[in-house]
Amino acid sequence: MRFETKNVHFQDKLETGEMSKTKPIYQTSAFSFKDLEDMENFFQGKKSYLYTRVGNPNTDDLGKGVADLEGAENGVASSSGISAILAGVLAVAKAGDHIVATEDLYGGTYQLMARELTDFGIDVSFVDFTKKEEIEGAIQSNTVLIYSESITNPSLRVENIDQMVELSKKYNLKTMIDNTFATPYLIRPHELGADLVVHSATKYIGGHSDLSAGVVTGNGALIKKVRSKIANLGSNLGPFDGWLGCRGLKTLSLRMERQCSNAQFLAESLTDHPNIKKVYYPTNVSERGNGAIVTIDLADHVDVHQFFRQLGWIKVVPTLAGVETSVTHPVGTSHRPVPEDLREKLGVSFSMVRISVGIEDKHDILEEFHKALK
Ligand SMILES: *Cc1c(COP(=O)(O)O)cnc(C)c1O
């Protein structure tokens, strides 16, 4: 080898045969083959990897890790929660098809469905999922999918997945659930009959606010379709983010246990506070807890801007689910794409604050909110 060749191949010889305790990062865009027959093995299904856009061990681990927890046959990761939702939807719906979705969706999902899917020729009806007759009334001859979230945002309504599955069976549709807020620690929609479950792994699956990723889980045949959508649309996750997602996923139970109990404490402690009109916190979500998000609606006499300024170490962010407690202003961020009349109907007002409760000491968290409320 000449200098220039050696310069880029020096690492080839560093393979020591040591067994790494953690999965190495396959930070590669492609995989190499001994010869043409070896490469043919990939296309015959005898080898797993060819090109990272189509599949990579680190991103596959994240999909499989979440699938295991969800009780699904298989799972696949993608570049973001939104790209996971898009791939999941396109695996079951094509131009000319129709979707019935809940009207209290996460703003980004609303935007994807109301603006982008319609450009693909897929029609979406948004209805009130607390009313069975509204869901059933929206089903048309070309409906293929019923879509909702296990715990909605920011009012934290717990979806009646049994009812969705019942209607799906009756009309031969697929059910897809965004399980981002609940995580499989609290709710496992597949066990209730949901066909596809999707996550913004940017949130609790990753848990440390250091990556953007999504995961879809389901049966083997459906996930095969979702995986090919991700590959064909080019919305694959990078290997390092896959690795980070797996590292974060390992502490999901520990984080959720602490975050749910802190949230329960905060919700109970803030109820009846004179500067709060209403505390939103669900009950009976699971034996393990009721989630780690608490939403408060500040009283009319409170200066909302002043409240956000006085939060001390609690960060004001447009996201949720990290190990640190943070707050979001839904009107200005997650629900900005939602039309004003729909926002009003959903009770998403300027005085609404969504709290993502972290793993800190619960008394410190409460003190910080008491200070800001004062
Ligand atoms: C954040 C979020 C999404 C979108 O996920 P990204 O990772 O930001 O693309 C979808 N659904 C819910 C419930 C979310 O909170």
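Residues numbered from 1 in each chain as written. Predicted model: local features only at pLDDT ≥ 70, side-chain atom pairs only at ≥ 80, totals over all residues. Heavy atoms only, no water.

The name that an unreviewed UniProt entry assigns to the protein is Cystathionine gamma-synthase, with the source organism given as Evansella vedderi. The protein has a UniProt comment under Cofactor (unreviewed entry) that states "pyridoxal 5'-phosphate". Quoted verbatim from the Sequence similarities (unreviewed entry) field of UniProt, the annotation for the protein is "Belongs to the trans-sulfuration enzymes family." (UniProt positions renumbered as here; feature names shortened; annotations may be inferred.)

**Notes on the sheet that holds strand S7 (residues 214-218)**
Spatial ordering of the open sheet is given by S1-S7-S6-S5-S4-S2-S3, a layout of 7 strands whose pairing is mixed. Edge positions in the open sheet fall to strand S1 (74-78) and strand S3 (123-127), since each of these has one partner strand only. Ignoring which end each strand starts from, the neighbouring axes of this sheet average 20 degrees apart. Across 4 bridges, the pairing between strand S2 (residues 98-102) and strand S4 (residues 143-149) is parallel. Looking at S4, one finds that His-98 is bridged to Thr-143. The strands that helix H5 (residues 107-119) touches are S2, S3 and S4; relative to S3, the one it contacts most, it runs at about 140 degrees. Each of S4 and strand S5 (174-178) is contacted by helix H7 (residues 161-171), which is oriented at about 155 degrees to S5, the strand it contacts most. (Pairing = 2+ DSSP bridges. Helix = DSSP H or I, 4+ residues; strand = E, 2+ residues; numbered from the N terminus. Axes fitted to C-alpha atoms, helices over the stretch in contact; angles between N-to-C directions. Contact = heavy atoms within 4.5 Å.)

**Structural notes on the side chain of Thr-59**
Of note, Thr-59 is situated in helix H3 (residues 57-70). At a separation of 3.1 Å, a polar atom in the side chain of Thr-59 contacts the main-chain carbonyl oxygen of Asn-56. If we ignore the near neighbours within four places in the chain, the residues touching Thr-59 are Ala-77, Leu-237, Gly-238, Pro-239 and Gly-242. (Polar contact = N/O pair within 3.5 Å; in protein donor to acceptor, adjacent residues only side chain to side chain.)

**Here's the deal with the pattern of salt bridges**
For the structure shown, the criterion picks out 13 salt bridges. The partner of Lys-132 in a salt bridge is Glu-166, with the nearest N and O atoms 2.8 Å apart. Of this pair, Lys-132 sits in helix H6 (residues 132-138) while Glu-166 is found in helix H7, placing the two residues 34 residues apart along the sequence. Where Arg-188 meets Glu-191, a salt bridge forms, and the shortest distance between an N and an O atom there is 2.9 Å. (Salt bridge = Lys/Arg side-chain N within 4 Å of Asp/Glu carboxyl O.)

**Considering the pairing of S2**
Remember that side chains alternate between the two faces of the sheet whenever the strand is regular. In terms of burial, S2 is largely enclosed, as 5 of its 5 residues are buried. Alternating positions in S2 separate into two faces, His-98, Val-100 and Thr-102 on one and Ile-99 and Ala-101 on the other, with burial throughout. When S2 meets S3, the two strands line up parallel, connected through 5 bridges. In the sheet register, Val-100 faces S3, and the bridge partner there is Ser-125. The β-α-β motif built from S2, the intervening H5 and the parallel element S3 has right-handed crossover chirality. (Buried < 20%, exposed > 50% of the residue type's maximum accessible area, 1.4 Å probe, protein only. Right-handed = clockwise from strand over helix to strand, strands pointing away.)

**Some points on the layout of surface pockets**
Roughly 330 Å³ of volume is contained in the second largest pocket. Forming the boundary of the second largest pocket are 23 residues, of which Ile-82, Tyr-106, Thr-180, Ser-200 and Lys-203 lie nearest the centre. Put simply, the parts of the chain that give the lining of the second largest pocket at least two residues each are helix H4 (81-92), H5 and strand S6 (196-200). A per-class count over the lining of the second largest pocket returns 8 nonpolar, 11 polar and 4 charged. (1 Å grid on protein atoms, 1.4 Å probe; cavity = no way out; pocket = protein on both sides within 12 Å on 5 of 7 lines; lining within 4 Å. Points joined across faces, edges and corners; volume = space filled by probe spheres on them. Nonpolar A, V, L, I, M, F, W, Y, C, P; charged D, E, K, R; others polar.)

**Quick word on the packing of H4 against helix H9 (residues 220-233)**
Their axes nearest at 8 Å, the elements H4 and H9 cross at an angle of 120 degrees. For the element pair H4 / H9, the angle class is oblique. Once H4 is placed against H9, the crossing between them reads as right-handed. Two secondary-structure elements touch here, H4 through Leu-86, Ala-87, Gly-88, Leu-90, Ala-91 and Val-92 and H9 through Leu-222, Lys-225, Val-226, Lys-229, Ile-230 and Leu-233. (Parallel < 35°, antiparallel > 145°, perpendicular 65-115°, else oblique. Left-handed = near helix turned anticlockwise from the far one by under 90°.)

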